[in-house]
Amino acid sequence: MKKFEYVIKDELGIHARPAGLLIKEAKKYESKITLSKDGKSVEATKLIAVMGMAIKCGQTVEVEISGNDEDAAFDGMKAFFEANL
Amino acid sequence: MSFFKKKASEEPVKELTAFVPGEVIPITEVKDQVFSTKVLGDGVAIQPAAQVITAPCDGVISMADEDSKHAIGMTLNNGAEILLHIGLDTVSLNGEGFRVFAKKNAKVKRGDKLLEFDKKFIEEKGFETTCVLVVTNSDDYSDTEYISGMKAVQNETVICRF
């Protein structure tokens, strides 16, 4: 299991567009990827669950990855957050 | 014979009706790539002729964002997850011009009022008011039919068949 924390810099937070892209990225991997904020967790492959977290700019999210391809998934997800959020 | 009777509420959802009246267009014609390229899932869109959004079928509200207000999520009893997204890029309005009636986790019936939006205000702010319905787990429902190319009557015209 690997995890990282990320502070959202996108001023609109994780709304439909970035959530859609995030899910697309998360689906590339076999590993289970979860997104947590304030003790609430959702699967990173479920659009409405991710949007429903209402993650805003300045908030910290924790991304937890576990599975066979967790190294690649960790790098991919981290790069995604840095590039898009 | 009671043996053949099934409670209506137990029947899986088979159809979605227009959640707002207006011209129904294919999702591929929505002027926003996040929808037209189906990144969020397959679906159908309506150019609204009115300002109240109603539930396209029975279900449970899975998302009702109290801040940005322009999107509603619903879970249907057949397992499908739908997203109703009102307007394009309307997240930037931070909820201005929208009023949400739907409450998260609440059960709703087809035709129940979910949200109201101020079409003129949103257009004046420079946004398209296209209302998009996305089946966010459409990969699991590959034989779903999305129906477009007609003027829809709210709560009557079928826009999607599972």
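Nothing here was measured: the structure is a model prediction, and the numbers come from that model.

Student: Even after reading the chapter, I still don't get the packing of helix α1 (residues 16–26) of chain A against helix α3 (residues 70–84) of chain A, so can you show me in this structure?
Tutor: The axes of two packed helices give the description: the angle between them and the distance between them. Residues and elements named next belong to chain A. Running from N to C, α1 and α3 point in directions that differ by 165°, and their axes come no closer than 10 Å. Taken together, the axis directions place α1 and α3 in an arrangement best described as roughly antiparallel. For α1 against α3, the interelement crossing comes out right-handed. On α3, the residues that touch Pro-18, Leu-21, Leu-22, Glu-25 and Ala-26 of α1 are Gly-76, Met-77, Phe-80, Phe-81 and Asn-84. Among the residues making up the contact of α1 with α3, the classes are represented as seven nonpolar, two polar and one charged.

Student: What exactly am I supposed to notice about unusual backbone geometry here?
Tutor: The bulk of non-glycine residues show a negative phi, and the bulk of peptide bonds are trans. All names here are of chain A. Even without being glycine, Ala-54 reaches a positive phi, approximately 50°. Relative to the assigned elements, Ala-54 resides in the loop between α2 (47–52) and β4 (60–66). For Ala-54, a relative accessible area of 17% gives the class buried.

Student: I keep staring at the nonpolar core and nothing clicks. Help me out?
Tutor: The nonpolar side chains of soluble globular proteins are, as a tendency, buried together. Ile-14, Leu-22, Ile-33 and Phe-81 of chain A together with Phe-35 and Leu-83 of chain B are the most contacted members of the largest nonpolar core, which has 42 residues in total. At the level of secondary structure, the elements contributing two or more residues to this core comprise β1 (2–7), α1, β2 (32–37), α2, β4 and α3 of chain A together with α1 (33–36) and β11 (131–135) of chain B. In this structure Leu-22 of chain A touches Ile-14, Leu-35, Ala-44, Met-77, Phe-80, Phe-81 and Leu-85 of chain A, once residues within four positions along its chain are discounted. Core analysis: the second largest hydrophobic core is formed by 40 residues, Val-20, Leu-76, Ile-82 and Leu-84 of chain B among them.

About the criteria used
- Every chain is numbered on its own, with residues counted from 1 as its sequence reads.
- By the order in which they are written, chains take letters starting at A while ligands take numbers starting at 1.
- Only residues with pLDDT of at least 70 are given local features in this predicted model, and only at 80 or more are side-chain atom pairs given and counted; all residues enter the totals for whole chains, interfaces and linings.
- No hydrogens and no water enter the side-chain calculation; it runs on all heavy atoms of the structure.
- The convention used is that axes are lines fitted to C-alpha atoms, helices contributing only their stretch in contact, and that angles between N-to-C directions extend from 0 to 180 degrees.
- Numbering of helices and strands runs from the N terminus; a helix is a DSSP stretch of H or I covering at least four residues, while a strand is a stretch of E covering at least two.
- Each angle receives one of four descriptions, namely roughly parallel if under 35 degrees, roughly antiparallel if over 145, roughly perpendicular if within 65 to 115, and oblique otherwise.
- A clockwise turn of the near helix away from the far one marks a right-handed crossing, whereas an anticlockwise turn of less than a right angle marks a left-handed crossing.
- Here a residue-residue contact requires only that any non-hydrogen atoms of the pair lie within 4.5 Å.
- Ten residue types, Ala, Val, Leu, Ile, Met, Phe, Trp, Tyr, Cys and Pro, are classed as nonpolar, four, Asp, Glu, Lys and Arg, as charged, and the remainder, Gly among them, as polar.
- Between buried and exposed lies partly exposed: a residue is buried under 20% and exposed over 50% of the maximum accessible area for its type, with that area taken using a 1.4 Å probe on protein chains only.
- What is meant by a nonpolar core is a set of buried Ala, Val, Leu, Ile, Met, Phe, Trp, Tyr and Cys residues, joined one to another through side-chain atoms within 4.5 Å.

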